[in-house]
Amino acid sequence: MDELKQKINTIDQTLKDLYLQRMDLVASAIKANNTYDEYEENDKTLISVTENLPKEKQLYLKKIYETVFEATKAYELSELNSSTDLIKNIQKAIKNNDVFPASAKVACQGIKGAYSSIAAKKFFEISDISYFKNFENVFQAVEKGFCEYGVLPIENSYAGSVNPVYDLMKEHKFYIVKSLKLQIKHNLVANIGAKLEDIKEIYSHEQALSQCKKYLEAYPNITITPCPNTAVAARYVKESGRLDVAAISSQECAEIYGLKILDASIQDSNDNYTRFILIAKDIKVYDNANKISIVTTLPNTPGSLYKLLSKFYNLGINMTKLESRPMANSPFEFIFYFDLDCNIKTKECQNLIAELDSDATEFNFLGAYSEII
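Residues numbered from 1 in each chain as written. Predicted model: local features only at pLDDT ≥ 70, side-chain atom pairs only at ≥ 80, totals over all residues. Heavy atoms only, no water.

(A) Layout of the overall build of the protein. Scanning the protein from N- to C-terminus turns up 13 helices and 15 strands. Taking the principal axes of its C-alpha atoms as reference, the protein extends roughly 80 × 50 × 45 Å. Out of the 373 residues belonging to the protein, those deemed buried represent 45%. A sequence separation of at least 24 residues applies to 74% of the contacts in the protein between residues at least 6 apart. Working note: accessible area of the protein is about 19,900 Å², and carbon and sulfur atoms make up 50% of it. For the protein, the separation between the mean place of its 43 positive charges and that of its 50 negative charges on side chains is 4 Å. (Helix = DSSP H or I, 4+ residues; strand = E, 2+ residues; numbered from the N terminus. Buried < 20%, exposed > 50% of the residue type's maximum accessible area, 1.4 Å probe, protein only. Contact = heavy atoms within 4.5 Å. Areas by Shrake-Rupley, 256 points an atom, 1.4 Å probe, with all protein chains shown as cover. Lys, Arg positive; Asp, Glu negative; His and termini not counted. Charge placed at Lys NZ, Arg CZ, Asp CG, Glu CD.)

(B) Layout of the pattern of salt bridges. A full pass over the atoms with the stated rule returns 14 salt bridges. For the salt bridge of Glu66 with Lys62, the shortest nitrogen-to-oxygen distance reads 2.7 Å. With Glu66 and Lys62 both in helix 3 (residues 55-80), this residue pair falls 4 residues apart, about one helical turn. In the salt-bridge network here, residues are joined through shared partners; they are Glu155, Lys181, Arg275, Lys321, Glu323, Asp339 and Glu371. (Salt bridge = Lys/Arg side-chain N within 4 Å of Asp/Glu carboxyl O.)

(C) Just the sheet that holds strand 7 (residues 201-205), in detail. In spatial order, the strands read 8-7-9-6-10; together these 5 strands make up an open sheet with mixed pairing. Every interior strand has two partners, whereas the edge strands, strand 8 (223-227) and strand 10 (260-263), have only one. Strand after strand, the sheet turns through a mean of 35° between neighbouring axes, direction not considered. Note that strand 7 and strand 8 share 5 bridges and pair parallel. Residue pairing for strand 8: Ser204 is matched across the bridge by Pro226. On top of the sheet, helix 10 (residues 230-240) reaches strand 6 (187-190), strand 7, strand 8 and strand 9 (245-249); it is set at about 155° to strand 9, its chief contact. (Pairing = 2+ DSSP bridges. Axes fitted to C-alpha atoms, helices over the stretch in contact; angles between N-to-C directions.)

(D) Looking closely at the packing of aromatic side chains. One pass over the structure, following the stated rule, counts 11 aromatic pairs. Aromatic pair Phe100 and Phe124: ring centres 5.1 Å apart, planes at 10°, arrangement stacked. Of this pair, Phe100 sits in the loop between helix 4 (85-96) and strand 1 (103-109) while Phe124 sits in the loop between helix 5 (115-123) and strand 2 (126-132), and the two are 24 residues apart along the sequence. Among the residues examined, Phe100 registers a relative accessible area of 22% and is labelled partly exposed. Look at Tyr166 and Tyr337: their rings are 5.1 Å apart centre to centre, the planes differ by 70°, and that puts the pair in the edge-to-face class. Note that Tyr166 is positioned in helix 7 (residues 163-169) and Tyr337 in strand 14 (residues 334-341), a separation of 171 residues in sequence. Here the aromatic cluster, defined as three or more aromatic residues joined through ring pairs, consists of Phe100, Phe123, Phe124, Tyr149 and Tyr286. (Phe/Tyr/Trp six-rings, centres within 6.5 Å; stacked < 30°, edge-to-face > 60°.)

(E) Structural view of helix 12 (residues 304-314). Those residues of helix 12 not exposed but buried are Ser304, Leu308, Ser310, Lys311 and Phe312. At the C-terminal side of helix 12, Gly316 shows a positive phi close to 70°.

(F) Spatial organisation of the nonpolar core. Core analysis: the biggest nonpolar cluster contains 27 residues, and Ile292, Ile294, Leu340, Ile344, Ile353 and Phe365 have the highest contact counts within it. Put simply, the parts of the chain that give this core at least two residues each are helix 4, strand 12 (291-297), helix 12, strand 14, helix 13 (347-359) and strand 15 (363-372). Here this core takes 5 residues from helix 13, the largest share from any one element. Among all residues touching Ile344, those that are not within four sequence positions of it are Ile90, Ile94, Val285, Ala289, Ile292, Cys349, Gln350, Ile353, Phe365 and Ala368. (Core = buried A, V, L, I, M, F, W, Y, C linked by side-chain atoms within 4.5 Å.)

(G) Representation of helix 6 (residues 135-143) within the structure. Here helix 6 has its buried residues at Phe135, Val138, Phe139, Ala141 and Val142. Projected down its long axis, helix 6 carries its buried residues within an arc of 160°, all on one side. N-cap assignment for helix 6: the residue whose side-chain oxygen lies 3.3 Å from the backbone N of Glu136 is Asn134. (Arc of directions from axis to C-beta. Polar contact = N/O pair within 3.5 Å; in protein donor to acceptor, adjacent residues only side chain to side chain.)

(H) Local environment of the state of the cysteines. Scanning the entire structure with this criterion turns up 1 disulfide. Across the disulfide, Cys342 is cross-linked to Cys349 (sulfur-sulfur distance 2.4 Å). By the burial criterion, Cys342 is buried, and Cys349 matches it. Lacking any disulfide linkage, Cys212 is separated from the closest cysteine sulfur, that of Cys253, by 13 Å. Overall, the relative accessible area of 0% leaves Cys212 in the buried class. Unpaired in this structure, Cys253 has its nearest cysteine sulfur neighbour in Cys227, at a distance of 11 Å. When its relative accessible area of 0% is taken as the criterion, Cys253 is described as buried. (Disulfide = S-S within 2.5 Å.)

(I) Inspection of unusual backbone geometry at higher detail. In this structure, Asn52 is a non-glycine residue whose phi angle is positive, near 65°. Its location among the elements puts Asn52 in the loop between helix 2 (38-50) and helix 3. With a phi angle near 50°, Ser265 is a residue other than glycine that sits in the positive phi range. Take Ser265: it is sitting in the loop between strand 10 and strand 11 (273-280). The class of Ser265 is partly exposed, set by a relative accessible area of 36%.

Dropping the structure here:
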């Protein structure tokens, strides 16, 4: 066994030396021609090295060489200092060294007291909030310059991704400039004088209702009615003047609309957080922007997602979220959203974006930002 281990170690050292020699030759080829046609060369290499091998060994060897090719591509981009229009815009935003504002005009979905407005007030010390009927109106308000920023819920730790927002991302041009994790505490609120035993109907947003499922199951005779959002539900209860209806909403809503809390913190889990993103019309890179979000399509071929993930691995980039959504008018085709721990100011991160921007059929950089927890 010791002899076998020694032979394996010797082979490993030889592989290392040969790999370094290969990288040096690639660098020489780049300096000679300022490029390296890795696609044609890689195809030839795979054919030659796997020829006449048993199928199982062919597949394993193919994986090894594909990893080498991906590392070579990353090295090539580093040597060429590859740049695209997108990278130039990102570098320009970095040089601007913008300071995150204390006040801003912000677009939110819903009405006063909605969780989006609570998030807006955590983003900014002073927020001039404009309320819109739906998420699409928030995107449009930012695109058309009516508001500087927009606040949108993107996922909940209990109920999962907010799919309507992800679907709208495909249709609008925007950039994420900051994100926030907001702890969600739901309360059963009603008009002054109401009693829990008299409640016949409860109003709230569908996600809030799902997050309080266990609580609601204890009252099977109460009618549950979905509303556009929790603040709308609270306002309706107030305007109705009735003592037999209630809403599930935040404490802020109860205070705004003059309601009393019948039951506090009725959510199924205390670890209930909603992640909100703050979007802007242009790329802005504020301090401590250590996250990026991207979206791309992938060919419907074996290993296409694996190859992309290997790029992150080779650069030591941690992926914190992967979301797939179906593409319109393309059955069984998907678009992929990624959140990555990646400092946009580093050369490695910019090289990754440049590579994806050059290679992907459809690629969008969604922004570089930090997250408030």
